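Results of the structural survey
For reference, the chains in residue letters:
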Amino acid sequence: MHKSYAIGDSSLHVLKGIDLNVEEGEMVAIMGSSGSGKSTLLNIIGMLDEADSGEYILDGLPIKNLTEKKAAVYRNKFLGFIFQSFNLINYKTALENVALPLYYQGLKRKERQEKALFHLGKVSLADWAKHLPKELSGGQKQRVAIARALAANPKLLLADEPTGALDTKTSYDIMAFIQQLNDEGKTILMVTHEEDIANMCKRIVRLRDGVIMEDKKVNQVRAEQYV
Amino acid sequence: MFDIDLWREIFQSINMNRTRSLLSGFTVAFAILLFTILFGIANGLQNTFAEAFVDDANNSIFIRSGRTTKAHKGLQAGRQIQLKNEDLDYVKNDFDDKVEFITARIYKNFQVSYKGEQNNYNLRAVHPDHQFLEKTKIKEGRYINQNDLNNRTKTVVIGRLVEEDLFLKTRALGKYINLGGIQFKVIGVFTDDGGDNEERLIYMPVSTAQYLYGNNDYVDQINLTYNPEMDYDQALGFSTLLTKKLKNRFSVARSDQRAIRVRNMAEGTKAISQMTVGLTFIILVIGFGTLIAGIVGVSNIMIFIVKERTKEIGIRKALGASPKSIVSIILIESILITAIAGYVGLLIGVGVLEAVGPSLKEYFIKDPGVSNGLVIGATLTLIIAGAIAGYLPAKKASRIKPIIALRND
């Protein structure tokens, strides 16, 4: 997979031939210093961006030349996003935020509310359903975001520095939860630059200057023990 | 197509950003307010002009005669020109297709009495067509007809105020009144929008007056209306030709301004209708100018809103929002703000016109107001305006790349 960005007149070759295969049920950490191309890779996998060349196959489905509409449908159906800065909509309650992907799936309001409440319960925030994001702590916000990512029951969970804005204790809290999701069978792909967080995954892929430097399986460190 | 959830989203968004929505709506509301008030005032001015001319048909031409001021064709200056029945017939027959109504007028003044009451009144002896020229409205009985003319009947049609003066509280119809010593039967009572003076008149058949007062065929004035299908220029051409022919008929010099006088109401009507058209045009230009300023204002604010909501739109897209749903949200929000704000402006404008309307009468503005058609038109314009204002920002929003919107900054 290749990707370049035009910067003024010159072009910056960010991904210089990435070949990566992730199996169902894996939990992969993508590491690398800034500028290594890890976020670009995640964006391409997340269909937020497209590769210049190469192919991307998701669950047997080639993702290529997507119209905006089709990309929206695929994102909604196959992918769940977790961001460093949570990216909750600030004027919507926790429940409404979780229900949003279900709205775009075309579910009825009642069904949406029920499902969203169920997922909020899974991240043990059912009591906070009617609260606005600003009334929640960082850890709670990220849990709402995870509930939202899970709401549409995606095949693949993409996390971009999910613990980047959290303190260590809360980070481990969140990681414990993500590990639990993985145990339940969700495939998880996360970008991080923290070694301890990466070691909580089952596989670490290290990027440098747009190529894979190292790709190894690791012994997962369970986060629960730190909580 | 009606999607309750979409509306819920939009109302939530408007509600969460009340100040912003209010501000963007304000320009439009103000534009419509101005437009409504200006339009109402223009309508008021038009009403005033219309009323000023409601007394007489505005396609009237009056012909009068006087003394010659110039010697012509061997005739001396100072000769009295007298209009007669035959002149009326001449005009009627010669300009058959151009004349709509035509009547003679003889002016008299009489002491009129009924039982103990008496008063002085102006009298006009006329043809039946006079009713339409003067826009006389019959309240009771009938107007003078051809039969009265043929038989020179001693009948009169009296004004509402004449009846009030002479008959006090009783009805005049069918009674006999004394006009300068002769008994006349009242066959009709009329009203006239031209004011009290017009309602203190008495009409009588022209033939009766000619027979009783001098036994001649003289008339003081000929009034006619031209075919209303003629435009102003044709009407002016007609009166010019009429003047020329009449001057020829009476051997009056062409430059003699006093012997034959033809006055065409079209001259005044044309000036006024041109002024009204001009006024309406100016107001439309100002109104639409303000409206466009309003649209640009809303559009600007919508662009700002899109910029402010870039991140939110990015999130929505990442969660699976189609470009269409993003366009709908922004577009409908824009239309909604514009339409509601505009309507508020319209209501305030109409309210202001209703409130201050009566006190503007002394400034020549009568019954200012806007028609229902204009209100409906303005509403439609507002919806279209909202769509125009929202379209570019909405398009811009739908093109937002989630990757850029979600960049951690």
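Per-chain numbering applies: the sequence of each chain, read as written, is numbered from 1 onward. Ligands are numbered from 1 and chains lettered from A, in the order in which they are written. Totals for whole chains, interfaces and linings use every residue, but because this is a predicted model, local features are given only for residues with pLDDT of at least 70 and side-chain atom pairs only at 80 or more, for both listing and counting. Only hydrogens and water are set aside; all other atoms, that is, all heavy atoms of the structure, feed into the side-chain values.

Time to look at the overall build of chain B. For chain B, the count of helices and strands is 13 helices and 12 strands. In this scheme, a residue with accessible area under 20% of its type's maximum is buried, one over 50% is exposed, and one in between is partly exposed, where area comes from a 1.4 Å probe on protein chains only. By the burial criterion, 47% of the 409 residues in chain B qualify as buried. Within chain B, contacts between residues separated by at least 24 positions form 77% of all contacts whose residues are at least 6 apart in sequence. When the accessible area of chain B is evaluated, it comes to approximately 20,300 Å², of which 57% is carbon and sulfur surface. Counting from the N terminus, the helices are the DSSP runs of H or I reaching at least four residues and the strands are the DSSP runs of E reaching at least two. The contact rule is simple, with two residues in contact once any of their heavy atoms fall within 4.5 Å. The method behind every accessible area is Shrake-Rupley, applied with a 1.4 Å probe, and residues are considered shielded solely by the protein chains displayed.

Residues and elements named next belong to chain A. What the six strands build is an open sheet, ordered β6-β7-β8-β3-β9-β10; its pairing is mixed. Two strands close off the open sheet at either side, each with one partner strand: β6 (79-82) and β10 (211-217). The average angle at which neighbouring strand axes cross in this sheet is 15 degrees, direction not considered. Where helix α2 (residues 68-78) meets the sheet, it contacts β6 and β7 (156-160), and its direction lies at approximately 80 degrees from that of β6. Here, any two strands with at least 2 DSSP bridges between them count as paired. Orientation is described by axes fitted as lines to C-alpha atoms, over the contacting stretch for helices, and by angles from 0 to 180 degrees between their N-to-C directions.

For the rest of this paragraph, the subject is the environment of A71(B). Residue and element names in this part refer to chain B. Of note, A71 is situated in the loop between β1 (60-65) and β2 (83-84). Distance from A71 to S251, taken between C-alpha atoms, is 9.5 Å for residues 180 residues apart in sequence. Those residues in contact with A71 that lie beyond four places of it in its chain are Q76 and A77.

To continue, consider the UniProt feature "transmembrane region" (unreviewed entry) in chain B. All names here are of chain B. UniProt positions are given in the numbering used here, feature names are shortened, and annotations may be inferred rather than shown by experiment. Cross-referencing UniProt, the feature "transmembrane region" (unreviewed entry) maps to residues 21-42, 279-306, 326-353 and 373-392 in the present numbering. Across residues 326-353, the secondary structure splits into 100% helix and 0% strand, with the terminal C-alpha atoms separated by 40 Å. For residues 373-392, the helix share is 100%, the strand share is 0%, and the end-to-end C-alpha distance is 30 Å.

This paragraph deals with the interface of chain A and chain B. With 26 residues of chain A at the interface, the matching set in chain B holds 27 residues. The working definition used for a salt bridge is a side-chain nitrogen of Lys or Arg within 4 Å of a carboxyl oxygen of Asp or Glu. Across the contact surface, chain A and chain B share one salt bridge. Where E68(A) meets K317(B), a salt bridge forms, and the shortest distance between an N and an O atom there is 3.2 Å. Two N or O atoms form a polar contact when they lie within 3.5 Å of each other; inside protein one atom must be a possible hydrogen donor and the other a possible acceptor, and for residues adjacent in sequence the pair counts only when both atoms belong to side chains. Linking chain A with chain B are seven residue pairs in polar contact (both at pLDDT 80 or more), by the criterion used here. Listing elements by their share of the side of chain A that touches chain B, those giving two or more residues are α2, α3 (94-105) and α4 (109-122) of chain A.

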